[in-house]
Amino acid sequence: MPDMLSLATGGEEDVLFREALEERYLTYALSTIMHRSLPDVRDGLKPVHRRLVYAMSQLRLNSNSGFKKSARIVGDVIGRYHPHGDQAVYDALVRLAQDFAARYPLIDGQGNFGNVDGDRAAAMRYTESRLTPVADALLEGIDEDAVDFRETYDGEDREPVVLPANFPNLLANGASGIAVGMATSIPPHNVSELCAGALHLIKHPAAGVAKLNEFIPAPDFPTGGIVVEDPASILDAYKTGRGGVRLRARWELENRGREKYQIVITEIPWQVNKARLVEKLADIIQERKLVALADVRDESSEDVRLVLEPRSRSVDPYGLMEALFRMTDLETRIPINMNVLVEGQVPTVVTLKQALQAWLDHRREVLLRRVRFRLGKIDHRIEVLEGYLVAYLNLDKVIRIIREEDNPAKKLMAAFKLTSVQAEAILNMRLRSLRKLEEKEIKTEHKALIEERRELRKLLKSKDGQWKHITGEVRRLRDEYDPKTEHGRRRSEMAEAPEVEDITTLEQGEAEPITIVCSEKGWIRALRGHVESDAVSRFKEGDELKFLIHGSTQDNLLLFATNGRFYTLAADRLPGGRGHGEPVRLMFDMEEDHSLVTLFVHKPGRELLVASRAGYGFVVPEDETLSQRRAGKQILNLGKEDRAAACSKATGDHAAVIGEKGKMLIFPADELPVMNRGRGVKLQRYREGGLQDVCMFTFKEGLEVAAGSGRRRVFDDLKDWVGKRGQAGRLPPRGFPRDRRFGLTLDAG
């Protein structure tokens, strides 16, 4: 593709395609960051949320007004402020109204606004909305020049750049979003605690995050739950702006009589879909992944109530819950990434102190702007009142001028040295205002305004006075959300995760004997009990038995493939033995052109000898081969055309290697390196073909090989085959198996 993009239309310039693409992508990225995904540190709102709240205030939908159809609100928002899809705007409105999603909802919804089961809200034509007192606090003073306004997208209207925000919305309600190359995730907090931290910060500006953490110990989630994160980790997240918290469901024991009990979950973690959680628990029971759990029931109404029944009264409830916390979303990790827009423009990851300080600084700026706005109103009113007083003192002359002059305003200004504002105010006076009582009221109002103006001017000059005023606002907010009240109490308790004994038996139950059957084409299944190969006859057409292993439901299986990777599979998750089983390839991310080398039961602490067809190999600790990833774990590094060829137990003082062309070599085992991963060393040299099999054995006991039909044969006179690692070797002794394999298995010992 050429670097230059030629435009066929005349009069247009050629531009570098790369530069044009970079410029347009940067424009898109900045638009996404600033106008869609990241909240403003001052009011904690994204543009769509700010426009929703402002549009509803313009429709007079305050907390003490009536409701209006959500469709009317959405139409107003997309028509005047937010040129995006109506469903996207309605989804944003719904989230602001859900008390299980927002810690302090900004919208009071009437109708079906969804639930914790993941059911969607009713269509916008059916629901109604208005603002909550929290939104009223965010808007307080917006008509008093408290914030800047800008033109809307079509230039026909104006919208606020930021809201006055007499409420710490960023930390109180949190935020989440994904932009281009960055994201934000701020969990919600308790307003009473935020106010306590803000008051301390006002009094002690040099206070550190550690001190603020004493007032704000952890996030506080709408759905409650128990925060079990280490306090040191939470403090580190507040110091850096990045981290996370572990949140668990709240549960309790209910006595069912006769020493039986059931577990009742009353609170689930934030943003967890309850219906999917119940489905996951049911799957665990059905698939016998946790045999200690017998049944689950959802008895929820308005409150959450999930009932878990143990299989027997001897099951430890704490161990059972620990197993469920590991296996389900009854425990989740809420990320913390406090990435916000500072001054509405610069994406910055802020600390807890910086977020609080930015809100307080914004409140001070709002205070100063409102004071200046009020002073302007007072100056204008005082000017008008002083004109009224002049009129009262010269009432007869004023009336004569108004009656006789063609341009009474200019005459009044000249006669009494009035301003144009005063002259117009006198001309607009009502006759009933000429009473003596009105004169007294005007003098009283004039005096009060003079005093108010003096106090406001004093406030503008005093930084301490400004912070004292803000302190009063924050204290009133803290009192309104007192922890003793229902809407102010902390919902998420802080606790340490209890220490329990090993829960493996709870997850797996008692060990049951099984027989693992794997065919040549890689179909695997598990039969109950220990059966022999002659009892296994069911395979797909053209397929046959390759591996038959006796094990138990508590075993882990290790699969070694020709790509040099080890794959781990829990025996209790194998398909049953009634059918043909399932292809191993579907259980892992294994390439089509690779197959199994061997399959065996994992034995902790054992060592393995692995080798490639090119004749390279080494010893690897078996524990290092375990992996829970679908992609497995790469252990044996291979060349371009190479393949993994063999794997055996690494027990003994000598290693035996045999090639495809039949030559065998024996050398001391101490010549083999022990590695966790690599290519290894040269085991045997080949002129043609490659490695067929390897094993290790104790030289004094002789080399034992499989002689077919379950028989074994031991070769004890092997001096002629002993050499140095990397030699070619010689043909094996008479009686060696014709398939040139030692035939030793890894499923025992």
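These remarks concern the structure in this document.

## Let's talk about the overall build of the chain
Then comes step 1: Scanning the chain from N- to C-terminus turns up 19 helices and 36 strands.
Then comes step 2: The principal-axis extent of the C-alpha atoms belonging to the chain is close to 145 × 85 × 50 Å.
Then comes step 3: Put simply, the chain has 749 residues, and 47% of those count as buried.
Then comes step 4: Taking all contacts inside the chain whose residues are at least 6 apart in sequence as the whole, residues at least 24 apart take part in 67%.
Then comes step 5: Between the averaged position of the 114 positive side-chain charges in the chain and that of its 115 negative side-chain charges there is a distance of 2 Å.

## Focus on the pattern of salt bridges
Then comes step 1: With the rule as written, the count across this model stands at 43 salt bridges.
Then comes step 2: Across the pair Arg80 and Asp157 runs a salt bridge, and its minimum N-O distance is 2.5 Å. Remark: Asp157 occurs in the loop between β6 (149-151) and β7 (158-160) and Arg80 occurs in helix α3 (residues 70-80); sequence separation between them is 77 residues.
Then comes step 3: We classify Arg80 as partly exposed; its relative accessible area is 28%.
Then comes step 4: Judged by its relative accessible area of 25%, Asp157 is partly exposed.
Then comes step 5: Note that Glu493 and Arg250 form a salt bridge whose closest N and O atoms lie 2.7 Å from each other. Residue Glu493 is found in strand β19 (residues 493-494), and its partner Arg250 is found in strand β12 (residues 250-257); the two are separated by 243 residues along the sequence.
Then comes step 6: Looking at Glu493, the relative accessible area reads 37%, which means it is partly exposed.

## Some thoughts on the sheet that holds strand β22 (residues 545-552)
The strands that make up a sheet are held in pairs by hydrogen bonds between backbone atoms, and each pair lies either parallel or antiparallel.
Then comes step 1: The strand order β22-β20-β21-β25 describes an open sheet built from four strands, whose pairing is antiparallel. This sheet does not close on itself; its edge strands, each paired only once, are β22 and β25 (582-583).

## Remarks on the pairing of strand β13 (residues 260-267)
On a regular strand, one side chain projects to one face of the sheet and the next to the other, so that they alternate.
Then comes step 1: Counted residue by residue, β13 has six buried out of eight residues, so it is predominantly covered.
Then comes step 2: Relative to β13, β12 is paired through seven bridges, and the arrangement is antiparallel. In the strand pairing of β13, Leu253 is matched with Ile263.
Then comes step 3: Between β12 and the antiparallel strand that follows it, β13, lie two residues; Arg258 among them carries a positive phi value of about 55 degrees.

## Re the environment of Cys518
Then comes step 1: In this fold, Cys518 is placed in strand β20 (residues 513-519).
Then comes step 2: When the C-alpha positions of Cys518 and Arg725 are compared, they lie 34 Å apart, and in sequence the two are 207 residues distant.
Then comes step 3: Beyond its immediate stretch of four places on either side in the chain, Cys518 contacts Trp523, Ile524, Leu545, Lys546, Phe547, Leu596 and Leu599.

## Remarks on the packing of helix α7 (residues 191-203) against helix α12 (residues 352-393)
In helix packing, the relevant descriptors are the interaxial angle and the interaxial distance, both defined with respect to the helix axes.
Then comes step 1: Running from N to C, α7 and α12 point in directions that differ by 80 degrees, and their axes come no closer than 10 Å. On the basis of the axis angle, α7 is roughly perpendicular to α12. Touching Leu194, Gly197, Ala198, Leu201 and Ile202 of α7 are Lys353, Leu356, Gln357, Trp359 and Leu360, all from α12.
Then comes step 2: Looking at the contact of α7 with α12 residue by residue, the class counts come to seven nonpolar, two polar and one charged.

## With respect to the packing of α12 against helix α15 (residues 420-427)
Then comes step 1: Here α12 crosses α15 at 60 degrees, and the two axes come no closer than 8 Å. On the basis of the axis angle, α12 is oblique to α15. For the pair α12 and α15, the sense of crossing is right-handed. When α12 is examined against α15, the residues His380, Glu383, Val384, Glu386, Gly387, Tyr388 and Ala391 are found in contact with a partner set consisting of Val421, Gln422, Ala425 and Ile426.

## Let's talk about the sheet that holds strand β14 (residues 293-298)
Then comes step 1: Across the sheet, which stays open at both edges, the four strands sit in the order β12-β13-β15-β14 with antiparallel pairing between neighbours. The strands lining the two open edges of the sheet, one partner per strand, are β12 and β14. On average, each strand axis in the sheet is inclined to that of its neighbour by 25 degrees, with strand direction left out of account.
Then comes step 2: Note that β14 and strand β15 (residues 306-310) share five bridges and pair antiparallel.

## Points about the environment of Gly605
Then comes step 1: Assignment of secondary structure puts Gly605 in the loop between β26 (596-601) and β27 (607-612).
Then comes step 2: With 17 residues separating them in the primary sequence, Gly605 and Glu622 have C-alpha atoms 6.6 Å apart.

## Thoughts on the nonpolar core
Then comes step 1: In terms of nonpolar packing, the biggest core is built from 103 residues, with Phe167 and Tyr388 touching the most fellow members.
Then comes step 2: Ranked by residue count, the leading element in this core is α12, at 17 residues.
Then comes step 3: Sequence-distant contacts of Tyr388, that is, excluding residues within four places in its chain, are made with Arg381, Ala425, Ile426, Met429 and Ile442.

## A word on the packing of aromatic side chains
Any pair of aromatic rings gets described here by the distance separating the centres and the angle formed by the planes.
Then comes step 1: For the coordinates displayed, the defined rule picks out twelve aromatic pairs.
Then comes step 2: Ring geometry for Tyr54 versus Tyr81: centroids 5.7 Å apart, planes at 70 degrees, classification edge-to-face. Here Tyr81 lies in the loop between α3 and α4 (86-97) and Tyr54 lies in helix α2 (residues 47-58), a separation of 27 residues in the sequence. In terms of burial, Tyr54 and Tyr81 fall into one category: buried.
Then comes step 3: A network of ring pairs unites the aromatic residues Tyr54, Tyr81 and Phe149 as a single cluster.
Then comes step 4: For Lys540, the ring lying beneath its charged end belongs to Trp523, and the centroid distance is 4.6 Å.

## Section: the side chain of Arg363
Then comes step 1: Counting through the fold element by element, Arg363 comes out in helix α12.
Then comes step 2: The contacts of Arg363, once residues within four sequence positions are left out, are Pro164, Ala165, Asn166, Ile470 and Glu473.

## A look at unusual backbone geometry
Then comes step 1: Unusually for a residue other than glycine, Asp145 sits at a positive phi of about 55 degrees.
Then comes step 2: Inspection of the secondary structure assignment puts Asp145 in the loop between α5 (133-139) and β6.
Then comes step 3: For Gln271, which is not glycine, the phi dihedral falls at a positive 70 degrees.
Then comes step 4: Looking at where Gln271 falls in the secondary structure, it is placed in the loop between β13 and α10 (274-286).

## Overview of the pairing of strand β32 (residues 664-668)
Then comes step 1: Among the five residues of β32, four are classified as buried, and the element is accordingly described as predominantly covered.
Then comes step 2: Pairing between strand β31 (residues 654-659) and β32: five bridges, direction antiparallel. If you follow His654 over to β32, its bridge partner there is Pro668.
Then comes step 3: Adjacent in sequence and paired antiparallel, β31 and β32 are bridged by four residues, among which Gly662 carries a positive phi angle near 105 degrees.

Rules of the game
- Residues numbered from 1 in each chain as written.
- Predicted model: local features only at pLDDT ≥ 70, side-chain atom pairs only at ≥ 80, totals over all residues.
- Heavy atoms only, no water.
- Helix = DSSP H or I, 4+ residues; strand = E, 2+ residues; numbered from the N terminus.
- Buried < 20%, exposed > 50% of the residue type's maximum accessible area, 1.4 Å probe, protein only.
- Contact = heavy atoms within 4.5 Å.
- Lys, Arg positive; Asp, Glu negative; His and termini not counted.
- Charge placed at Lys NZ, Arg CZ, Asp CG, Glu CD.
- Salt bridge = Lys/Arg side-chain N within 4 Å of Asp/Glu carboxyl O.
- Pairing = 2+ DSSP bridges.
- Axes fitted to C-alpha atoms, helices over the stretch in contact; angles between N-to-C directions.
- Parallel < 35°, antiparallel > 145°, perpendicular 65-115°, else oblique.
- Nonpolar A, V, L, I, M, F, W, Y, C, P; charged D, E, K, R; others polar.
- Left-handed = near helix turned anticlockwise from the far one by under 90°.
- Core = buried A, V, L, I, M, F, W, Y, C linked by side-chain atoms within 4.5 Å.
- Phe/Tyr/Trp six-rings, centres within 6.5 Å; stacked < 30°, edge-to-face > 60°.
- Lys NZ or Arg CZ within 6 Å of the ring centre and 35° of its normal.

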